[in-house]
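Close look at the chain arrangement
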Amino acid sequence: MNTGATLRMLDRADKEVMKLTRADIGAVYEFMHKFRHNPENPGLNLKALSGDSRLMSARVNKDYRALLLHIADRDYLLVDVKHRGEVYDDLTRYAYRINRVTGGIEVVDLAPVGDSIVGRLVPLVAEPEPAQKPLFDAYTDVQLLELGVSEPLLPQIRELTAEAELLELLDRAPQLTTDVLFALFDGTPYDEVLKQVTDPVRADEPVDPEDFEAAVERPATQVTSDDEALQAMLGEAFERWQIFLHPTQRKLVERPYKGPARVGGGPGTGKTIVALHRVAHLARQLPPGADKPILLTTFNRNLAADLRTRLMALGGQELVSRVDIVNIDRLASRVVTEAKSGSSRRVVDDNRVPELWSEFLLETGESGWDAEFLAAEWTQVILGQVLNSRTDYFKARRPNRGRSLNRAERDQIWQLTERFSTWLEGQGVWTWRQVAQRAARLEMDRAAAGASGESSGGFYRPRYRHVVVDEAQDLSAAHWKMLRAMVAPGQDDMFLTGDTHQRIYDNHVTLSSLGINIRGRSSRLTLSYRTTRQILADALQIMTGEVYDDLDGGEEDLAGYRSLLRGGRPTFRGAATWAQERDLIVEQLRSWGNPTDGSVAICVPTNELAADVIARLQADGTRVVEIGPDGPKQPDGVHIGTMHRFKGLEYQRMIISGVSDGLVPRQMVNRYRDSDPKRYQRERQRDRSLLFVAATRPRDELAVFWHGAPSPFLTSRLVQRQLT
């Protein structure tokens, strides 16, 4: 006879368990293991609590009891772990039900909010304050319930009159209730909250408020039943994201898609987490094998290494063994090397292309065209679109290129680019853009041959069954053409995550024109887990007035982007000179206690400014670590680097320095103001995105400094704060 049982842990129980001592956490794990083996074990003392047969308790150890919800026959949900005295004090404080909006199980412990939140908080105030209007007086109970607010908490919600009381309540509230009330408190209109917060987690089917078996399987019931994951909670480095996803994220991870799908969202909203869990979800559905049918790729090298580390922590070697994890340029290089096409040439960085064009024009005596214009035309249009002939170039669209070209001018440019390519070959070099273009052509030809039955290798099979791309906004058109050819169109073929507000490379694409149709399969995350509400509000001001694309010809905004974390307001200070600004950096580090444990970073616009800051801090005896192309060279010290280096990193505290006019944006951008307005706008937007990325790296505290005139990206409200 089978004596085993199913036991899952609710996410809010996990939060309580992690507050226990390490020994007691271990006891919880051992309890769950024993319970699954035999819930009738006399030592567990499983029994129904008076008042409701569904709510039960069981013995963890001599001090703690597990609070369980009986779902079905031998199916239980661990909803809390309490000290033995608390479990039996007042059973009426536990409310559990199925949320009619999400269909998920919610268990609310009403004791922490008490009969009167105000009564518990008022004694903390020295002098009584005048009566205030309830925070949510403008909304009816019906409206709040329609948004998904937990019904048992409505009486307490009606008594809230101050933010401190709201925070006290939401410390124990279900996730959706927290999301909704914070959004309303921040002034988000009701209809927007319904659209941005509630609808993404709404159940796909009608909800039966009595069917707990169905409810426990829905994404809104955040649970884990993985024994290894629970045991890993005992490890210092194990993070909650590896077990629990927000219901919005889980729906996106587990949903079947009929074609390419994209998930957008601001910094810290969990896009990378979603990408990693999507990979794990797809891997679990693979038939047994030793191949790697899933590709996980991104643009940045150090981000690719980080993805490997995090996927290993999430799923272990067995999962990672089925996934090809590689940055996009290395993948393109692999394709070219396999084909023995140009592998003897040395690859130079794309930022050297304008310099190489200048050398070429000087050597050949060509003076009719600007080197930077030709470099951009060659990389973005000819290489970017994988154009193989002059005829293709004559027909090609040139989005975001500004200056229009007639047929004769295109002919001149095509001839120059052919000569330039030959010149590069003579130098024994080529660029990463050329490698991507060659790889895309090789893969497109391979796919075409396979589709026509002309594949020389016999039966044709695409390289991958699934392709997952993180930081999708950074890839070029050639990259996308290569990826499109690597996976057959169809169910769950491509899954993309990214944010065009964080585009720091000059890659602008329309995916549908590249054979990647995400229409109707595009979603957006709006809840930031990384940074505080205060930092987020100032970072959003930096983006004021800018319009960004959605990778498919439309516009994308940050409406509804929010955080539930709180902290102090960021610091904004200016200095007369760069030397005085460096003094501000030293002063700020001192006010933070001069930490050198890797929790603090300093971000500047240029390598020269970084060298100055490093020299100044080293002269003061501060241990500094420069951030290179592969990330920080050491985990400790004060990390220092340029804005480009901070993509994918995060810190507890951060200083952004040198945010001055002429540095952010770069002075050279102004040369395009009249001659090429579209490029001027594009370059300014790229520099604004760099500042936005930097400003959203810190979790707790941010300081922004400048010398001379502040950057025009800093609004007058931010600049004037230094005077308050």
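Up top is the structure.
We now turn to the structure provided with this report. (Residues numbered from 1 in each chain as written. Predicted model: local features only at pLDDT ≥ 70, side-chain atom pairs only at ≥ 80, totals over all residues. Heavy atoms only, no water.)

**Examining the nonpolar core**
- If you look at the biggest cluster of nonpolar residues, it comprises 69 residues, and the most contacted ones within it are W480, L483 and L714.
- Ignoring anything within four residues of it in the chain, the contact list for L714 reads I542, F572, V659, L691, V704, W706 and V719. (Core = buried A, V, L, I, M, F, W, Y, C linked by side-chain atoms within 4.5 Å. Buried < 20%, exposed > 50% of the residue type's maximum accessible area, 1.4 Å probe, protein only. Contact = heavy atoms within 4.5 Å.)

**A short note on the layout of surface pockets**
- Of the volumes computed, that of the second largest pocket is approximately 1,700 Å³.
- Forming the boundary of the second largest pocket are 47 residues, of which D349, N351, Y505, H644 and R686 lie nearest the centre.
- Elements that contribute at least two residues to the lining of the second largest pocket include exactly α14 (301-320), α15 (328-338), α16 (353-364), α17 (371-383), α20 (432-451), α24 (607-619) and α26 (677-695).
- Its residues assigned to classes, the lining of the second largest pocket shows 16 nonpolar, 14 polar and 17 charged. (1 Å grid on protein atoms, 1.4 Å probe; cavity = no way out; pocket = protein on both sides within 12 Å on 5 of 7 lines; lining within 4 Å. Points joined across faces, edges and corners; volume = space filled by probe spheres on them. Helix = DSSP H or I, 4+ residues; strand = E, 2+ residues; numbered from the N terminus. Nonpolar A, V, L, I, M, F, W, Y, C, P; charged D, E, K, R; others polar.)

**Things to note about the sheet that holds strand β27 (residues 698-707)**
- Reading across from one edge, β21-β27-β26-β22-β25-β23-β24 is the order of the seven strands in this open sheet, with mixed pairing throughout. Across the chains shown, the open sheet's two edge strands, defined by having one partner strand only, are β21 (571-575) and β24 (631-632).
- Bridge analysis of β21 against β27 gives five bridges, and the strand direction is parallel. In the sheet register, R573 faces β27, and the bridge partner there is F705. (Pairing = 2+ DSSP bridges.)

**A look at a negative patch on the surface**
- The grouping of D191, E192, E555 and D557 at the surface amounts to a negative patch.
- Topologically, E192 is positioned in helix α9 (residues 190-198). (Patch = residues over 30% accessible without salt bridge, like charges linked within 9 Å, V, L, I, M, F, W, Y side chains within 5 Å. Areas by Shrake-Rupley, 256 points an atom, 1.4 Å probe, with all protein chains shown as cover. Salt bridge = Lys/Arg side-chain N within 4 Å of Asp/Glu carboxyl O. Lys, Arg positive; Asp, Glu negative; His and termini not counted. Charge placed at Lys NZ, Arg CZ, Asp CG, Glu CD.)

**Structural notes on empty space enclosed by the protein**
- Counting across every chain of the model gives four cavities of 30 Å³ or more.
- Quantified by volume, the largest cavity comes out at close to 120 Å³.
- H246, T248, L525, T526 and L527 are, among the 14 residues lining the largest cavity, the residues nearest its centre.
- Where the lining of the largest cavity is concerned, the elements lending two or more residues are α9, α12 (247-254) and β16 (522-525).
- By volume, the second largest cavity amounts to about 50 Å³.
- Lining the second largest cavity are ten residues; nearest its centre among them are R503, H508, R682, Q685 and R686.
- Ranked by residue count, the leading element in the lining of the second largest cavity is α26, at four residues.
- Classifying every residue of the lining of the second largest cavity gives two nonpolar, four polar and four charged.

**What about helix α19 (residues 407-427)?**
- In this model, α19 (21 residues) spans 30 Å end to end at C-alpha, consistent with the 30 Å of a helix rising 1.5 Å per residue.
- Listed in full, the buried residues belonging to α19 are E409, R410, D411, I413, W414, L416, T417, F420, W423 and L424.
- The distance from a side-chain oxygen at the start of α19 to the backbone nitrogen of A408 is 3.1 Å, and the residue carrying that oxygen is N406.
- After α19 finishes, the residue G428 shows a positive phi value of roughly 75°. (Expected span 1.5 Å × (residues − 1). Polar contact = N/O pair within 3.5 Å; in protein donor to acceptor, adjacent residues only side chain to side chain.)

**A look at the packing of helix α23 (residues 578-591) against α24**
- Running from amino to carboxyl end, α23 crosses α24 at an angle of 55°, the nearest separation of the two axes being 11 Å. Considering the angle they form, α23 stands oblique to α24. Seen from above, α23 lies across α24 with right-handed handedness. Residues W578, R582, D583, I585, V586 and L589 of α23 form the contact with α24, whose own contacting residues are L609, D612, V613, R616 and L617.
- The class makeup of the residues in the contact of α23 with α24 is seven nonpolar, no polar and four charged. (Axes fitted to C-alpha atoms, helices over the stretch in contact; angles between N-to-C directions. Parallel < 35°, antiparallel > 145°, perpendicular 65-115°, else oblique. Left-handed = near helix turned anticlockwise from the far one by under 90°.)

**Quick look at the sheet that holds strand β14 (residues 466-469)**
- The strand order across the open sheet formed by six strands is β11-β10-β14-β15-β9-β16, and the pairing between neighbours is parallel. Of all strands in the sheet, those bounded by a partner on one side alone are β11 (323-325) and β16. Taken pair by pair, the neighbouring strands of this sheet meet at an average axis angle of 15°, ignoring direction.
- With three bridges connecting them, strand β10 (residues 294-297) and β11 associate as parallel partners.

**Thoughts on the side chain of R684**
- Residue position: R684 is located in helix α26.
- With near-sequence residues (within four places) excluded, R684 lies in contact with P665, V669, P712 and F713.

**As for the side chain of H466**
- Positionally, H466 belongs in strand β14.
- Looking at H466, the relative accessible area reads 9%, which means it is buried.
- Within the local environment of H466, its side chain forms a polar contact with the backbone oxygen of D492, the two atoms lying 2.8 Å apart.

**Details of the pattern of salt bridges**
- Summed over the entire model, instances satisfying the criterion amount to 43 salt bridges.
- For D620, the salt bridge goes to R616, with nearest N and O atoms at 3.4 Å.
- Residue classification places R616 among the partly exposed positions, given a relative accessible area of 26%.
- Taking the shortest distance from any N to any O, the salt bridge between E650 and R699 comes out at 3.5 Å. In this pair, E650 sits in the loop between β25 (637-642) and β26 (651-656) while R699 sits in strand β27, placing the two residues 49 residues apart along the sequence.

**Observations concerning the packing of aromatic side chains**
- Counted by the stated rule, this structure contains 15 aromatic pairs.
- Ring centres of Y257 and F495 lie 5.9 Å apart, and the angle between their planes is 55°; this geometry places the pair in the tilted category. Residue Y257 is located in the loop between α12 and β9 (261-265), and its partner F495 is located in strand β15 (residues 494-497); the two are separated by 238 residues in the primary sequence. Accessibility classification places Y257 together with F495 in one group, the buried group. (Phe/Tyr/Trp six-rings, centres within 6.5 Å; stacked < 30°, edge-to-face > 60°.)

**Thoughts on unusual backbone geometry**
- In this model, V664 is joined to P665 through a cis peptide bond whose omega is 0°.
- Along the chain, the position of P665 falls in the loop between β26 and α25 (672-675).
- At N45, a position not held by glycine, the phi torsion is positive, near 55°.
- Note that N45 resides in the loop between α2 (22-37) and β2 (47-48).
- Exposure remark for N45: the relative accessible area of 40% places this residue in the partly exposed category.

**Some remarks on the pairing of β25**
- Counting buried residues in β25 gives six out of six residues, a clear majority hidden from the surface.
- Summarising the sheet, strand β23 (residues 624-628) and β25 pair through three bridges and their orientation is parallel. Following the sheet pairing, V625 is matched in β25 by H639.

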